[in-house]
Amino acid sequence: MSPTFDVVELATTYANKSAQDILKLAFAEFGDDLWISFSGAEDVVLVDMAWKLNKNVKVFSLDTGRLHPETYRFIDQVREHYKIDIELVSPDYTRLEPFVKEKGLFSFYKDGHGECCGIRKIEPLRRKLSGVKAWATGQRRDQSPGTRSAVAVMEIDGAFSTPERTLYKFNPLAQMTSEEIWGYIRMLELPYNSLHERGFISIGCEPCTRPVLPNQHEREGRWWWEEATQKECGLHAGNIISKS
């Protein structure tokens, strides 16, 4: 990374630039130290853009152990389509097994999804990012107007940086809409999760995801039993309204 990399200034400069321009900057600054986080429809667009800039792009995905079968097939489809490795990051069994033994497999319906997501998502992600200098996500501002409306195109990751190590986070698709994402997927005939054909829009773990009805926002299909302001799993903890 160049000594002149000022993420705040660059976030302003690149606020209205294309996703490809943001990725070009990310690769120019971090090269092979940039990792792409992959799981959903937005992320296949991000992977496609990144792969066209760097055929050796590094990609990882969180395997919570509770994903839909269709999601696992989707991950393999993307792996085959681009001939890339997708590193699967799993929960720490020494934390997961006692949790399941004590609370069972569906405790989140009673006491919220925070503890389960902490074990199945946040801890594995923290472990992965502890050795990473920069990562890119498929976050979009229109995904959740309540919690993601102010997502910056690049930032210092306040959730996973440490006093000893600054982690940089890029959100190249922040300005893109759902319509633009799907236009890109259809135009280039990219693989996508077959659950989208059954009314699923925002797809997470199987027990916490359901299809949405016409005119419902995509995040209404996630953690539907909880308050709308809490509909984040903690991977992008800075987005949660109640945090402040």
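Residues numbered from 1 in each chain as written. Predicted model: local features only at pLDDT ≥ 70, side-chain atom pairs only at ≥ 80, totals over all residues. Heavy atoms only, no water.

Q: When you look at the side chain of S178 in this model, what are you seeing that I'm missing?
A: Inspection of the secondary structure puts S178 in helix α8 (residues 178-188). S178 sits in the buried class, given a relative accessible area of 19%. Residues contacting S178, with those up to four places away along its chain left out, are R140, D142 and E218. (Helix = DSSP H or I, 4+ residues; strand = E, 2+ residues; numbered from the N terminus. Buried < 20%, exposed > 50% of the residue type's maximum accessible area, 1.4 Å probe, protein only. Contact = heavy atoms within 4.5 Å.)

Q: Looking at this structure, I do not really get the nonpolar core. What am I missing?
A: For soluble globular proteins, the rule of thumb is that nonpolar side chains tend to be buried together. Within the largest apolar cluster, 44 residues are counted, with the highest numbers of intra-cluster contacts made by F5, L34, I36, F38, V44, M154 and F170. Looking at this core, the element that brings in the most residues is helix α2 (residues 19-30), giving seven residues. Leaving out residues up to four positions away in the same chain, V44 has contacts with F38, F74, V78, Y82, I185, L190 and P191. The next biggest cluster of nonpolar side chains, apart from the first, holds eleven residues, and it includes I122, L125, V132 and W135. (Core = buried A, V, L, I, M, F, W, Y, C linked by side-chain atoms within 4.5 Å.)

Q: Explanation requested: the pattern of salt bridges in the structure shown.
A: It is possible for side chains bearing opposite charge to pair when their charged atoms get close. Here the structure, examined in full by the defined rule, presents ten salt bridges. The partner of K83 in a salt bridge is E80, with the nearest N and O atoms 3.2 Å apart. (Salt bridge = Lys/Arg side-chain N within 4 Å of Asp/Glu carboxyl O.)

Q: Can you walk me through the pairing of strand β2 (residues 58-62) in this structure?
A: For a regular strand, side chains alternate in direction, first toward one face of the sheet and then toward the other. With respect to burial, β2 is a largely interior element, four of its five residues being buried. Where strand β1 (residues 34-37) and β2 come together, three bridges link them in parallel fashion. Looking at the pairing, W35 lines up with K58 of β2. Here β2 runs beside strand β3 (residues 86-89); their pairing, made up of four bridges, is parallel. Looking at the pairing, V59 lines up with I86 of β3. A crossover links β2 with its parallel partner β3, the connecting element being helix α4 (residues 69-82), and its sense is right-handed. (Pairing = 2+ DSSP bridges. Right-handed = clockwise from strand over helix to strand, strands pointing away.)

Q: How should α4 be read in this particular structure?
A: Owing to its 3.6 residues per turn, the α-helix brings residues three or four apart onto one side. Here α4 spans 21 Å end to end across 14 residues, near enough to the 20 Å set by a 1.5 Å rise per residue. For α4, the set of buried residues is E70, T71, F74, I75, V78 and Y82. Projection of α4 onto a plane perpendicular to its axis shows the buried side chains occupying an angular sector of 145°, all on one side. Just beyond α4, the residue with positive phi is K83, at close to 55°. (Expected span 1.5 Å × (residues − 1). Arc of directions from axis to C-beta.)

Q: Whenever I open this one, the UniProt feature "binding site: [4Fe-4S] cluster" (unreviewed entry) in the protein chain confuses me. Can you help?
A: Those places that UniProt annotates as "binding site: [4Fe-4S] cluster" (unreviewed entry) correspond, in this numbering, to C116, C117, C205 and C208. These annotated residues cover 93 residues of sequence, but their C-alpha atoms sit close together, with the largest distance between any two at 10.9 Å. Excluding anything up to four places from it in sequence, C116 contacts F99, F108 and K121. On the secondary structure map, C117 appears in helix α7 (residues 114-129). (UniProt positions renumbered as here; feature names shortened; annotations may be inferred.)

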